[in-house]
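Coordinate inspection notes
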Amino acid sequence: MTAEENKNATNGEENKPLNFIHTIVEDDIRTQKFGGRVHTRFPPEPNGYLHIGHAKSICLNFGTAAKYNGMCNLRFDDTNPTKEETEYVDSIKEDVHWLGFDWEGREFYASDYFDALYEFAVKLIKKSKAYVCDLTQEEMGTYRGTVTQPGKDSPFRTRSVEENLQLFEQMRNGAFHDGARVLRAKIDMGHNNMLMRDPILYRILHTDHHRTGDKWCIYPMYDFAHGQSDSIEGITHSICTLEFEVHRPLYEWFIKELEIYAPQQIEFSRLNLTYTVMSKRKLLSLVKEGIVNGWDDPRMPTICGLRRRGYTPESIRNFAEKIGIARRDQLIDVSLLEFCVREDLNKRSIRVMGVFNPLKVTITNYPEGQEELLEALNNPEDESMGTRKVPFGRELYIEQEDFMEEPPKKFFRLAPGAEVRLRYAYFMKCNEVVKDSNGKVIELKCTIDPASKGGNSPDGRKVKGTIHWVSAKHAIQAQARLYDRLFIKEDPEDAGEECDFKVNLNPESLIEQVCYIEPYLKDIKPMEKLQFERVGYFCVDNDSVPGKLVFNRTVTLKDSWAKISGKNE
RNA sequence: UGUCCUGUGGUGUAACUGGCAACACGUCUGAUUCUGGAUCAGAAGAGUCCAGGUUCGACCCCUGGCAGGACAACCA
């Protein structure tokens, strides 16, 4: 992939109003603040899988760079070896690529800068702006004060430069056990901003790092690594989410004291979605407790989950574009995400027929043993996608809900005496309803109008309803996984006292059932997308094997009948 | 009972250096249609958190409230 492709991935649009970050960037270009350069970065911590919230950030960072002919680095913020793993690095790279962006070889790690960071720390010590502190974790907590009360100076704050230098080197050399000492910045224990109260720069961690192995037993904290990494890479606009806003004074303090190149940090609000939890911790617990089947469960808001669900990169990028960038908290309705997939899939999916809750239909005026092939459009939206043949026979399956014995007013589907169109086939009238001993409808006896073959009657007669069907003899069975929202509440956190968000789990977020589909689909491959007409968009799951197909429902079609029928009740 | 940030239709975003609010989704009509899908046309819906002030004029500036969020991890 190339810069050009990054640009394509941003879906262009010139005359749309700028978001506030682009306004800043354009001002900076105009004033030559960074010599006209634009250089961003996407800085994930490799301790989990990327989710749709990260997608927003990825689109913003890579998109901004592409829009202004700049660059965007991929940088792993890997300063905590106790949490980070190579497995996550790989998945993150895969997901960013899949979304359609490329870092053009600029794959960096905060750990690339451990030596430089160490020297930065030494520099601060020499300037008497950092000191080694022996306070325990608990002590440090009390010395820090609270949000409403100032803290007080550590007794170790006045150590000499020489002693600090020596101690810090010993820390590096492994002379102390985990937690024995830390290196802190010397700022102001009375500062309103808690982060400025002598924050920790380095802690002792005798843990192997996924990249540097056992080279280090001290590791820098986020605050002491992030800004300097940005500086080293020549980042111009360091775009991050709002929770880092209070870190900005510290970010700037380090840059200033270290006397190094200063990028500009800009914060925007993170994405929240209705019916969705987004925190890594909660997503992890869903995985760990087996509530979902892994990080890529199609109900997860992870990129890999959405991918498996059948979402396209284009739809996600488009979603990111639509939700905008601002600084106020946003809670986006998931239905907007769903709109975005439908919009994209509508253009590209082939249409096929599948019956999910079969009701047998026998066509009494169609000769026994006879069958024929009828031509169907693969995509009425796009004729270039061609046609296919669909087998027809005396016995069919239709959808149970397409028949009602006592239809309400605006029901356009099949009912006793009513006529509907079998898509791409014939007009069909229902003459007899067969029930079992419980009164349940188990079969319909119908007749077709042979003259209406193909779907239109030469006498110009109209039917209001068109239903899908499948030939009982030719249909193949497949597994359908009907996914729905994972939570029943718009805000899953709204669980009352003493309860956690899992009480709001939707028991019907996954319904597995058999479906009957056109034989045309026999050789369809995993990840292929399609629309089962009148039912929804689906994609073939990775679990699918020839002869045992598995279809994931990405999203249902918009259903205005559901709305009408719902109102009548 | 501290500091900082934010506050525009149901949701999200916009309104150039002040000139009475736009777009998208959603909602509702109607047209059209071999998917109750898609498409097309149209409508309703906020007077910009509140109260003052500056101004000929304020969503935009000032003051004071109110509401929401962030911040007290050797996490990022």
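**Considerations on the nonpolar core**
Membership of the largest hydrophobic core comes to 37 residues, with the highest contact counts inside it found for I52, I58, F62, V96, L271, L273 and F319. Elements supplying a minimum of two residues to this core: α3 (52-67), β2 (71-76), α4 (86-99), β10 (271-273), α11 (303-309), α12 (313-323) and α13 (334-348). Apart from residues no more than four positions distant in its own chain, L271 is found in contact with I52, G53, K56, M278, F319, I323, Q330 and I332. L124, A130, I218 and Y219 belong to the second-largest nonpolar core, a separate cluster that totals 33 residues.

**Overview of the protein's contact with RNA strand B**
Near RNA strand B you find 60 residues, and of these R351, R413, R423, G454 and Q531 are the closest. Considering RNA strand B, the proportion of its atoms within 4 Å of the protein that are sugar or phosphate atoms stands at 65%. A distance of 3.4 Å separates a base nitrogen of RNA strand B from a polar atom in the backbone of L135. One nitrogen or oxygen atom from the side chain of K563 is found 2.6 Å from a phosphate oxygen belonging to RNA strand B. Elements represented by at least two residues in the surface near RNA strand B include exactly β6 (200-204), α12, β11 (330-332), α13 and α14 (560-568). The element that contributes the greatest number of residues to the surface near RNA strand B is α14, accounting for five residues.

**With respect to the packing of helix α5 (residues 114-126) against helix α8 (residues 222-233)**
Contact geometry of α5 with α8 gives a least axis separation of 11 Å together with a crossing angle of 110°. With respect to α8, the axis of α5 lies roughly perpendicular. Taken as a pair, α5 and α8 cross one another with a handedness that is right-handed. For the pair formed by α5 and α8, the contact residues are A116, L117, F120, A121 and L124 on the first element and F224, A225, Q228 and I232 on the second. Of the residues in the contact of α5 with α8, the class split is eight nonpolar, one polar and no charged.

**A few points about the sheet that holds β2**
One open sheet accounts for three strands, arranged β1-β2-β3; its pairing is parallel. Each end of this open sheet is capped by a strand with a single partner; those strands are β1 (39-42) and β3 (107-109). The average undirected angle you get between the axes of adjacent strands in this sheet is 35°. Where α8 meets the sheet, its contacts fall on β1, β2 and β3, and the angle it forms with β2 comes to roughly 140°.

**Some words on α12**
For α12, the set of buried residues is P313, S315, I316, R317, F319, A320 and I323. Backbone geometry just after α12 places G324 at a positive phi near 75°.

**A look at the packing of aromatic side chains**
In this structure the tally under the stated criterion is 24 aromatic pairs. Through pairs of rings, three or more aromatic residues link up here, namely F114, Y118, F168, Y202, W216, Y219, F224, W253 and F254. Directly above the ring of F176 sits R181, whose terminal nitrogen or CZ lies 4.2 Å from the centroid. Between K464 and the ring centre of F412, over which it is positioned, the NZ or CZ distance is 4.9 Å.

**Side note on α8**
Under the 1.5 Å per step criterion, the end-to-end length of α8 is 16 Å for 12 residues, consistent within 8% with the ideal 16 Å. Taking burial as the measure, the 12 residues of α8 include 10 buried ones, the bulk of the element. When we look at burial in α8, the residues that qualify are D223, F224, A225, H226, G227, Q228, S229, D230, S231 and E233. Positive phi shows up at G234, right after α8, with a value of about 70°.

**Topic: the environment of L283**
Counting through the fold element by element, L283 comes out in helix α10 (residues 280-288). Residue L283 is classed as buried on the basis of its relative accessible area of 1%. Separated by 251 residues in sequence, L283 and Q32 have C-alpha atoms that sit 43 Å apart. Non-local contacts of L283, meaning those with residues more than four positions away in its chain, are made with H51, V277, M278, W295, M300 and P301.

**Focus on the sheet that holds strand β7 (residues 218-220)**
Pairing within the open sheet is antiparallel, and its four strands lie in the order β4-β5-β6-β7. One side of each edge strand has no neighbouring strand; the edge strands of this open sheet are β4 (130-133) and β7. Each strand axis lies, on average, 20° off the axis of its neighbour in the sheet, ignoring direction. The sheet contact formed by β6 and β7 spans three bridges and is antiparallel. The partner of R203 across the bridge, within β7, is Y219. In the packing of helix α7 (residues 161-172) onto the sheet, contacts are made with β4, β5 (182-185), β6 and β7, and the angle to β4 comes to roughly 60°.

**Considerations on the side chain of N19**
Mapped onto the elements of the fold, N19 is located in the loop between α1 (3-8) and α2 (20-30). On the accessibility criterion, N19 (16% relative accessible area) is buried. In terms of polar contacts, N19 uses its side chain to reach the backbone amide nitrogen of H22, at 2.8 Å. If we ignore the near neighbours within four places in the chain, the residues touching N19 are L60 and I325.

**Regarding the confidence of the model for chain A**
Summing up the model confidence of chain A, the mean pLDDT is 95 and the portion of residues at 70 or higher is 97%. Predicted as a complex, the structure gets a pTM of 0.95 and an ipTM equal to 0.96.

**Description of the domain arrangement of chain A**
Per the domain assignment, the segments making up chain A are domain 1 (114-224), domain 2 (354-468) and domain 3 (477-565). Here domain 2 and domain 3 share an interface that buries about 1,600 Å² over both sides, 58% of which is from carbon and sulfur atoms. The largest contributions to the domain 2 side of the interface with domain 3 come from G354, F356 and R388, which together make up 38% of the buried area. Linking domain 2 to domain 3 there are three salt bridges.

**Comments concerning the pairing of strand β8 (residues 237-241)**
The buried count for β8 comes to five of five residues, which makes it a mostly enclosed element. Covered by surrounding structure in β8 are H237, I239 and T241 together with S238 and C240, the residues of both alternating faces. With helix α9 (residues 248-258) bridging β8 and the parallel strand β9 (residues 264-268), this β-α-β connection has right-handed handedness.

How each quantity is defined
- Residues numbered from 1 in each chain as written.
- Chains lettered and ligands numbered in written order.
- Predicted model: local features only at pLDDT ≥ 70, side-chain atom pairs only at ≥ 80, totals over all residues.
- Heavy atoms only, no water.
- Core = buried A, V, L, I, M, F, W, Y, C linked by side-chain atoms within 4.5 Å.
- Buried < 20%, exposed > 50% of the residue type's maximum accessible area, 1.4 Å probe, protein only.
- Helix = DSSP H or I, 4+ residues; strand = E, 2+ residues; numbered from the N terminus.
- Contact = heavy atoms within 4.5 Å.
- Near = heavy atom within 4 Å.
- Polar contact = N/O pair within 3.5 Å; in protein donor to acceptor, adjacent residues only side chain to side chain.
- Axes fitted to C-alpha atoms, helices over the stretch in contact; angles between N-to-C directions.
- Parallel < 35°, antiparallel > 145°, perpendicular 65-115°, else oblique.
- Left-handed = near helix turned anticlockwise from the far one by under 90°.
- Nonpolar A, V, L, I, M, F, W, Y, C, P; charged D, E, K, R; others polar.
- Pairing = 2+ DSSP bridges.
- Phe/Tyr/Trp six-rings, centres within 6.5 Å; stacked < 30°, edge-to-face > 60°.
- Lys NZ or Arg CZ within 6 Å of the ring centre and 35° of its normal.
- Expected span 1.5 Å × (residues − 1).
- pLDDT = per-residue confidence, 0-100.
- Domains from an automatic or database assignment.
- Buried area = accessible area lost by both parts, 1.4 Å probe.
- Salt bridge = Lys/Arg side-chain N within 4 Å of Asp/Glu carboxyl O.
- Right-handed = clockwise from strand over helix to strand, strands pointing away.

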